Each structure stands twice: as C-alpha cells, then as structure tokens.
Amino acid sequence: MTWEELEAKCRACSACPLHESRHNPVFGTGNRRAALVFVGEAPGEQEDLSGVPFVGRAGRLLDRYLEAVDIPRQSVYITNILKCRPPKNRDPLPAEEDCCIGFLELQLRLLSPRLIVCLGRIAAMRLIRPDFRITKEHGIWHTRGDSEICAVYHPSLLLRDPRKREDMLTDMKAIKARLDALKGPASPHES
Ligand code: URA
C-alpha cells in the first residue's frame, strides 16, 4: 500500500464510533524518510480541528524539547495510536485502539524507522508491553522488529507535573545522541 492509499483509507475510515464526532482524522505529519518517529496517544481538540498532530499546548511543549536538543520537527515523523479524537480527551478504549492500530502498523512498515519514541504510557503500553510503567521505564530502549523503541513522558503530563521536566530533557538528550550515533563518527572532512 502507498502512503496516498493509506492516508485516503484513514480519511474514509468509519471502523469505530469516533469517526462520528471527528472534524478531521489526524493521520500523521513529517518526514516519511525519518530515522526517528514519535507516537503519541490520540488527537486533542486542536489536532482534531487542524488535522495535524501535536499542535495544541502539549504539542508546543514537545516543540520546545525538540528545539532544546536540536532535532528539527520537520526531520522526524509524528503520529498517534488513535487517528480520531476521543470525546473530552478521555483515554482510548481498547476496542478503539484495535480498530485503529492497523494504520500505525502500516505507517511503521512504510517508514521502517531506526528509532521509535512513544510519547506517554498509552503508546508504550501498546507498542512496548501492556504492563509498561512509564515512571520506572521511561528512557529505556527495547528492540521492536528492526527498530529500537523507548518511551518518554507525555507532554500533557509534563504540563500537569513540571517536576518531571528534568527527566524529559535527559531522555530527549539521550534520544538525540542515539540519533547522531546512527550516522556514525564524523569524517575528517566534516569536522
Ligand atoms: N496528545 C497526543 O497524544 N497526540 C496529539 O496529537 C496531541 C495531543
């Protein structure tokens, strides 16, 4: 399946009741050749209105972390477990995730990223382990097929609990270091 076919399928999807209340599905945006992919939970209000992931308050905080570690937002791909907004931003239901996860699986197949970063526990529980504990396990890398995967705190949690922001910065710096390490040591001509 091509990107265009997959996105068209997502736009037309009515597999779960969330399609009835959505303004726009939020498929994902960014670099389709990215080595690094971020996966969040589900669109919020601003994302539902714009069709773009992480553009509300949490998204602006994510942008600040990306800037802080010098990862241009347009260099990565950003998407979510659910493509449609749950009412009042409640947690996704298992049945909704089951309906939607096929889109993410096909996106990851097309992307074949080296690194996947789950934003928050919902994505981590789906992509890493159902009993994933974000407080204990954030920043720890695992293998998932041909990719390495870890989870960091969700930016919405960091808005509610700023004491966790230091840990987030540490994790984001480690992600940047891993990304740089994929390119190998700089050649003498580059330094
Ligand atoms: N929270 C998410 O998990 N995803 C978004 O796209 C926005 C907020």
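Heads up: the structure comes first, above all this text.
The paragraphs below set out a description of the structure included in this document. (Residues numbered from 1 in each chain as written. Predicted model: local features only at pLDDT ≥ 70, side-chain atom pairs only at ≥ 80, totals over all residues. Heavy atoms only, no water.)

**Quick look at the site of the ligand**
Around the ligand, the neighbouring residues are Gly40, Glu41, Ala42, Glu47, Pro53, Phe54, Asn80 and His154. Here Ala42 contributes a backbone N or O atom positioned 3.0 Å from a nitrogen atom of the ligand. Within the contact set of the ligand, an oxygen atom lies 3.0 Å away from a backbone nitrogen or oxygen of Phe54. If the ligand stood free it would expose 240 Å²; the protein chains cover 93% of that surface. Broken down by class, the residue content of the shell around the ligand amounts to three nonpolar, three polar and two charged. (Near = heavy atom within 4 Å. Polar contact = N/O pair within 3.5 Å; in protein donor to acceptor, adjacent residues only side chain to side chain. Areas by Shrake-Rupley, 256 points an atom, 1.4 Å probe, with all protein chains shown as cover. Nonpolar A, V, L, I, M, F, W, Y, C, P; charged D, E, K, R; others polar.)

**A few points about the environment of Leu82**
Within the secondary structure layout, Leu82 lies in the loop between strand 3 (77–80) and helix 5 (94–111). Look at Leu82 and you get buried, because its relative accessible area is 1%. Once the C-alpha coordinates of Leu82 and Cys13 are considered, the two residues, 69 residues apart in sequence, prove to be 12 Å apart. (Helix = DSSP H or I, 4+ residues; strand = E, 2+ residues; numbered from the N terminus. Buried < 20%, exposed > 50% of the residue type's maximum accessible area, 1.4 Å probe, protein only.)

**Let's talk about the nonpolar core**
Formed by 53 residues in total, the largest nonpolar core has its most connected members in Leu36 and Phe38. Considering each element in turn, this core owes the most residues, six residues, to helix 5. Here Leu36 is in contact with Ile71, Val76, Tyr77, Leu115, Val117, Ile175 and Leu179, once residues within four sequence places are set aside. (Core = buried A, V, L, I, M, F, W, Y, C linked by side-chain atoms within 4.5 Å. Contact = heavy atoms within 4.5 Å.)

**Focus: the side chain of Ser147**
Following the sequence through the fold, Ser147 ends up in strand 6 (residues 147–152). The residues touching Ser147, leaving out its near neighbours within four places in the chain, are Pro113, Arg114, Ile116 and His142.

**So, the sheet that holds strand 4 (residues 115–119)**
With respect to topology, six strands assemble into an open sheet ordered 1-3-2-4-6-5, the strand pairing being mixed. Each end of this open sheet is capped by a strand with a single partner; those strands are strand 1 (29–30) and strand 5 (142–144). Pairing between strand 2 (residues 36–40) and strand 3: four bridges, direction parallel. Counterpart to Gly40 in the pairing with strand 3 is Asn80. (Pairing = 2+ DSSP bridges.)

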